[in-house]
Amino acid sequence: MLNILKNILNGLDASIYVTDMETDEILFVNQKCKDTFGIDTATGKKCWQVIQKGFSERCPFCPVFKLERDPGTPVVWEAYNT
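Residues numbered from 1 in each chain as written. Predicted model: local features only at pLDDT ≥ 70, side-chain atom pairs only at ≥ 80, totals over all residues. Heavy atoms only, no water.

Draft legend 1. Local environment of the overall build of the protein chain. Helix and strand counts for the protein chain come out as four helices and two strands. Reading the protein chain from its N end, one meets helices and strands in the order α-β-β-α-α-α. Radius of gyration (C-alpha) of the protein chain: 13 Å, near the 12 Å computed for a compact globule of 82 residues. Taking all 82 residues of the protein chain together, 26% fall into the buried category. The long-range fraction of contacts in the protein chain, counting pairs at least 24 apart against all pairs at least 6 apart in sequence, stands at 22%. Summed over its atoms, the accessible surface of the protein chain is roughly 5,700 Å², and 55% of this surface lies on carbon and sulfur atoms. (Helix = DSSP H or I, 4+ residues; strand = E, 2+ residues; numbered from the N terminus. Rg over C-alpha atoms; globule rule 2.2 N^0.38 Å. Buried < 20%, exposed > 50% of the residue type's maximum accessible area, 1.4 Å probe, protein only. Contact = heavy atoms within 4.5 Å. Areas by Shrake-Rupley, 256 points an atom, 1.4 Å probe, with all protein chains shown as cover.)

What follows is the structure in structure tokens.
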């Protein structure tokens, strides 16, 4: 089942990555995100080190802050390769 989900997410024309909300470590990155941000292996690295380079901690605009305040609320977020 997990491989099916990975195949679906890798086939989307959207950059998707999944992080651990407590550690900010990347758990999954789809192929579009790897291509867009020029990353090969990101699993286990901090999202703000790989996706939003130049930060030493969670980005001030990180959607995790909203998710912590309002769990279950959908969040649309656009990251830009900086």
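Right, picking up where we left off after that structure.
Draft legend 2. Examining the pattern of salt bridges more closely. For the coordinates displayed, the defined rule picks out three salt bridges. The salt bridge involving D13 is made with K32; its shortest N-O contact spans 3.0 Å. Residue D13 is found in the loop between helix 1 (2-11) and strand 1 (17-19), and its partner K32 is found in helix 2 (residues 31-37); the two are separated by 19 residues along the sequence. Take K32: its relative accessible area is 30%, and that puts it in the partly exposed class. Between R58 and E68 there is a salt bridge, and its shortest N-O distance comes to 3.5 Å. With R58 in the loop between helix 3 (47-50) and helix 4 (63-69) and E68 in helix 4, this residue pair connects regions lying 10 residues apart in the sequence. (Salt bridge = Lys/Arg side-chain N within 4 Å of Asp/Glu carboxyl O.)

Draft legend 3. Looking closely at the packing of aromatic side chains. One pass over the structure, following the stated rule, counts one aromatic pair. Ring centres of F55 and F61 lie 5.9 Å apart, and the angle between their planes is 85°; this geometry places the pair in the edge-to-face category. It is R58 that lies over the ring of F65; its NZ or CZ is 5.5 Å from the centre. (Phe/Tyr/Trp six-rings, centres within 6.5 Å; stacked < 30°, edge-to-face > 60°. Lys NZ or Arg CZ within 6 Å of the ring centre and 35° of its normal.)

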